[in-house]
Each structure stands twice: as structure tokens, then as C-alpha cells.
2 protein chains.
Amino acid sequence: MVMSRIILAIDPYKDVEIKELIARLTRVKSYIVGIKLGLPFIVRYGIMGVRSIIEEACDLEHIILDFKLADIAPIMISAIEPFIDVGINEAIAHAFIGLKGGLQELKEYLNKNNIRLILVISMSHPGSIDVIDHSLNELIRVAERVKPYGIVVPATRPRIIRMVREKLLSRGIFVKIYSPGIGAQGAEPGSALRAGADYEIIGRAILFSHKPEEIAMRIAEIHEKLVD
Amino acid sequence: MVMSRIILAIDPYKDVEIKELIARLTRVKSYIVGIKLGLPFIVRYGIMGVRSIIEEACDLEHIILDFKLADIAPIMISAIEPFIDVGINEAIAHAFIGLKGGLQELKEYLNKNNIRLILVISMSHPGSIDVIDHSLNELIRVAERVKPYGIVVPATRPRIIRMVREKLLSRGIFVKIYSPGIGAQGAEPGSALRAGADYEIIGRAILFSHKPEEIAMRIAEIHEKLVD
């Protein structure tokens, strides 16, 4: 078995049928360690779609619901509630909403339901410089206080991955770093792991290539060398 | 007809059937100017649910899809796409994510589809002090550049409503201010309008009261006096 660190982002293209997505997942399953389902997936295929994808992916370690939650606690909890029994084990929220009335209650709710929290503390698009990047230290502080299972830092920002990894480690905080931005957004496979990330989130580059298993295998091999 | 400024937030309680929500909407419809559907609604009732609610609400001025979008542009656009033909005319996103690769492309997409953008620049929960409140000036600057149709500032923050209203007006920027936080979150009906907001977003206080139409009528009357 290949020791990959690939988490497959299952973001549908406009008119893809869910059957096609499941078929593609099946083809690459042995090269990945998790899947990530976001809002574009949920609004198209609903909870039934989530169930049928998870049926295919249930033996993977990470089944991530990625709503990028960013609301007051009761709304975030209510949005997650229908999914707690379908096999999700991780959920992504934004660090920027802060603790009280936000992430604190969300974390408690997720803990009770054995779902791990992952916090976004950096994003990959150029617009990040408008607000998010200025708040990096505060976002890291939120993560230090919330103690999530993982954080999201894009592969396109290796310096931030390195900096956050060192900062949190030096304070004895162990979090997994999830890095999107590989492939379609420009970062090379393996580059985030090299900077200190634990997982590389890859979507289109694998899912919509003509040879998904070849691409997945090639990336998994890169990962294997780095993880050894 | 009562000149209310109520936008009804339709956030389902755990086991409410959509029929019940529609029945309650029907009872208060003549006292409101819009509805807001969020993630908790969508994950439970799907697009079919959105269609059936909008069928009942189609003559209202504001039909708001409130995902509190906070992702890179292609993901936000893909999440909105299935809803552009169902009668939505406004959508809410976080100012926090910034322009390039985020709000800029989202705004263009929404413009093309005659959907107005509303940006969150302040939130009501105590956790806002961790990051969001420190970024208020930057969030306002994002709003100045994006020129959304409206912004969200909670009724629990009347000082911020006033400040933002003056700041934007003094720069010739006309935006509608939408204020959640009335009722269940503690602010008095009318208090946000008095501070300079254009609409008060009210959910549970109307929707799950024993006498929805009475409550809605009473608030609409308060609004009418203020708007005159």
C-alpha cells in the first residue's frame, strides 16, 4: 500500500453526475487517505449524495465536511447536525469568527459527536492580502486557544506553513496541517509536505484528469518518499 | 399595507417540516419585505425546499441566500450556481475574504445573474472581539471597493451601524444595512433602524412564537413609525 498524504477534494463540475464522481473516487481510492466534500457538492447532491460517496470512502481515515463555516454557533451547529450520523469525521470552519458564541460551542458540539475540527487560518487567493493576511497572528492565537485537530494553510503559502508549524510546535500545540492549492491553483505536489504540512488537498488535478489513477499514484509516490 | 422593514430569517428548528415553515411564512407574509434562507435550511430541504418556500414568497422584495460565503471565487460561484434560477435575488458573503480571487469574481458573477451582493462586515457574537472587530476598518475598506448592494451589521452593535453608515455616506457610498440580532439575540425591534439600518432580520422571535402574525404586526408597526 502506498503511504500517500492525499486528501481528495470532491468538487463537482457543473453537470457531472454523482455516479461519475463515485466512479472516479473508486479508481483513485487506494492512493488517498481522505476525501473532502464542500458546499458545491452538498447543494447539488444533498445528504443522499454524501451518503453514497461515503459508502464508497468509508474505510478512509479522513471524511471531511468543508462548509468553511463562518457564522454564530447555533447556525453552524444546525448546519452540521444533519451530517453527524452519515460518517463525517472532520469539519472545517473559519478561525476568523473567534471563540465565544462561535468556535467554542462548535468545538464542544463536534467533540460530543466525535468529529474533529479543522480551522482555516490562511487562504490562497490574492484577495487574502486585503484582510486575512493582516490578521494572521490573531488567527493563529484563535487556533492556539481552540486547539483544533487541524488547520488549513494553502500550499501556495509555504512560508506560512513553515512559520505556523514552528510557532505552534514551540508552544506544544500539535495540529495537523491541511494544504489545498496543489495542481489547479499552482503548487507542486509534495511542496506543502516539504514545508511542514501533513496532508495535501487535491481536487481537479486528480478528479478531472484523463488518467486519475496515474496522477494519484504519481503524487502518492512523491508523498511516500517525503514521509519516509 | 404596513411599511415594515422585516426580513424573515427562515432557520429551521431540528424537526420542523417544511410544510410547517411555509404555513408560518404565509401567516406573516403581509408584514415582511423579504426572507433569508441559510445553510441550516438548505442542508435539510435542498433546492426543492428553496423552490417551495420561494413560491410562497415570490412577491417579496428580498429573497436572500445566506451561505455566509467565505471561500475562493470558483467554490463560491459553484455553490451559488444551482440557485440562480430559483428566484433568489440577494446573496450574503463575508467581506473578510477580500477581493481578488474572491469577492471580485463573485460580484461579477452575481451581477450577470441579477443577484445583489451583501457583505458581512460585523458579527454579533462575543467571539467577534478575537479577530473580526480588530479588522473593522479593513472590512469597511473591502466594502468600499466591492460596492455591494448591502452590508450586514448586527442590531446588537448600534454604534457600529451608526459609524459605518456615516463613514460610507461621507464617501458617497450608498449601501443598505441589514441587521440581524433582533429578538432571540437580545436587540429590541426598531433599535437597528433607529441606529441607521435599513432592514431588521428577525427569525425565531417571529417564526417560532405562538402568535407569529401578532408579533410580526407589532414589529411592522414599530418600523412604520420609524420609517415615516
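This write-up is about the structure you can find in this document. What you are looking at is a predicted structure, and each value in this text was computed from that prediction instead of being measured. (Residues numbered from 1 in each chain as written. Chains lettered and ligands numbered in written order. Predicted model: local features only at pLDDT ≥ 70, side-chain atom pairs only at ≥ 80, totals over all residues. Heavy atoms only, no water.)

### Structural notes on the overall build of chain A
Part 1 of the argument: Scanning chain A from terminus to terminus reveals 9 helices and 8 strands.
Part 2 of the argument: What you see for chain A is a C-alpha radius of gyration of 17 Å, in line with the 17 Å of a compact globule of 228 residues.
Part 3 of the argument: With respect to the principal axes defined by its C-alpha atoms, chain A has extents near 45 × 35 × 30 Å.
Part 4 of the argument: Residue burial in chain A is summarised as follows: out of 228 residues, 61% are buried. (Helix = DSSP H or I, 4+ residues; strand = E, 2+ residues; numbered from the N terminus. Rg over C-alpha atoms; globule rule 2.2 N^0.38 Å. Buried < 20%, exposed > 50% of the residue type's maximum accessible area, 1.4 Å probe, protein only.)

### Re the environment of A:A95
Residue and element names in this part refer to chain A.
Part 1 of the argument: With respect to the helices and strands, A95 occurs in the loop between β4 (90–94) and α4 (99–112).
Part 2 of the argument: Take A95: its relative accessible area is 0%, and that puts it in the buried class.
Part 3 of the argument: Once the C-alpha coordinates of A95 and E138 are considered, the two residues, 43 residues apart in sequence, prove to be 9.0 Å apart.

### Some points on the sheet that holds strand β3 (residues 62–69) of chain B
Residues and elements named next belong to chain B.
Part 1 of the argument: Strand order in the closed barrel formed by 8 strands is β1-β2-β3-β4-β5-β6-β7-β8, and the pairing between neighbours is parallel. On average, adjacent strands in this sheet sit at an angle of 25° to one another, irrespective of strand direction.
Part 2 of the argument: Relative to strand β6 (residues 150–152), strand β5 (residues 116–120) runs parallel, the two being bridged by 3 bridges. Opposite I118, over in β6, you have G150 as the bridge partner. (Pairing = 2+ DSSP bridges. Axes fitted to C-alpha atoms, helices over the stretch in contact; angles between N-to-C directions.)

### Side note on the relation of the copies chain B and chain A
Part 1 of the argument: Once turned by 180° and shifted 0.0 Å along the axis, chain B lies on chain A with an RMSD of 0.0 Å. When the rotation and shift are considered jointly, the pair of chain copies conforms to a two-fold rotation axis. Among all residues of chain B, the minimum C-alpha distance to the rotation axis is found for B:G46, at 3.3 Å.
Part 2 of the argument: Most of the interface of chain B is mirrored in chain A: 100% of its interface residues are interface residues there too. (Least-squares fit on C-alpha atoms with pLDDT ≥ 70 in both. Contact = heavy atoms within 4.5 Å.)

### Concerning the environment of A:A23
Residues and elements named next belong to chain A.
Part 1 of the argument: Assignment of secondary structure puts A23 in helix α1 (residues 18–28).
Part 2 of the argument: On the basis of relative accessible area, A23 is assigned to the partly exposed category, the value being 37%.
Part 3 of the argument: For A23 and I53, which are 30 residues apart along the polypeptide, the C-alpha to C-alpha distance reads 9.7 Å.

### Digging into the interface of chain B and chain A
Part 1 of the argument: Listed by partner, the interface residues are 46 residues for chain B and 46 residues for chain A.
Part 2 of the argument: Across the interface of chain B and chain A, roughly 3600 Å² is buried in total on both sides, 62% from carbon and sulfur atoms.
Part 3 of the argument: Sorting the residues of chain B by area buried against chain A places B:V43, B:F96 and B:D130 first, and these three jointly supply 17% of that buried surface.
Part 4 of the argument: Here chain B is connected to chain A by 19 residue pairs in polar contact (both at pLDDT 80 or more). (Buried area = accessible area lost by both parts, 1.4 Å probe. Polar contact = N/O pair within 3.5 Å; in protein donor to acceptor, adjacent residues only side chain to side chain.)

### Regarding helix α3 (residues 73–80) of chain B
Part 1 of the argument: The element α3(B) is extensively covered by neighbouring structure, given that 7 of its 8 residues are classed as buried.
Part 2 of the argument: Among the residues making up α3(B), those that are buried are B:A73, B:I75, B:M76, B:I77, B:S78, B:A79 and B:I80.
Part 3 of the argument: Its buried side turned inward, α3(B) meets α2 (39–57) of chain A together with β3, β4 (90–94) and α4 (99–112) of chain B.

### What about the side chain of B:S4?
Part 1 of the argument: Of note, B:S4 is situated in the segment before β1 (6–10).
Part 2 of the argument: At a separation of 2.6 Å, a polar atom in the side chain of B:S4 contacts the main-chain carbonyl oxygen of B:Y31.

### Considering the nonpolar core
Part 1 of the argument: Counting 184 residues, the largest nonpolar core has A:I10, A:I35, A:F83, B:I10 and B:I35 as its most contacted members.
Part 2 of the argument: Of all the elements, α2(A) adds the most residues to this core, at 10 residues. (Core = buried A, V, L, I, M, F, W, Y, C linked by side-chain atoms within 4.5 Å.)

### Considering the pattern of salt bridges
Opposite charge on two side chains lets them pair, provided their charged atoms get close.
Part 1 of the argument: On inspection of all chains with the given rule, the structure shows 28 salt bridges over all chains.
Part 2 of the argument: When the shortest N-O distance is used, the salt bridge between B:K68 and A:D71 registers 2.9 Å. Taken together, the positions of B:K68 in strand β3 and A:D71 in the loop between β3 (62–69) and α3 (73–80) put the pair across two chains. Here B:K68 and A:D71 have matching classes, each one buried.
Part 3 of the argument: Taking the shortest distance from any N to any O, the salt bridge between B:R116 and B:E90 comes out at 2.6 Å. On the criterion of sequence distance, the pair formed by B:R116 in strand β5 and B:E90 in strand β4 is long-range, its members being 26 residues apart.
Part 4 of the argument: With relative accessibility at 27%, the residue B:R116 sits in the partly exposed group.
Part 5 of the argument: Through salt bridges that share partners, A:K36, A:D66, A:K68 and B:D71 make up one connected network. (Salt bridge = Lys/Arg side-chain N within 4 Å of Asp/Glu carboxyl O.)

### Quick notes on unusual backbone geometry
Phi is mostly negative for residues that are not glycine, and the peptide bonds are mostly trans.
Residue and element names in this part refer to chain A.
Part 1 of the argument: Even without being a glycine, N114 presents a positive backbone phi close to 55°.
Part 2 of the argument: The phi torsion at K147 lies on the positive side, around 50°, for a residue other than glycine.
Part 3 of the argument: In this structure, K147 sits in the loop between α5 (136–146) and β6 (150–152).

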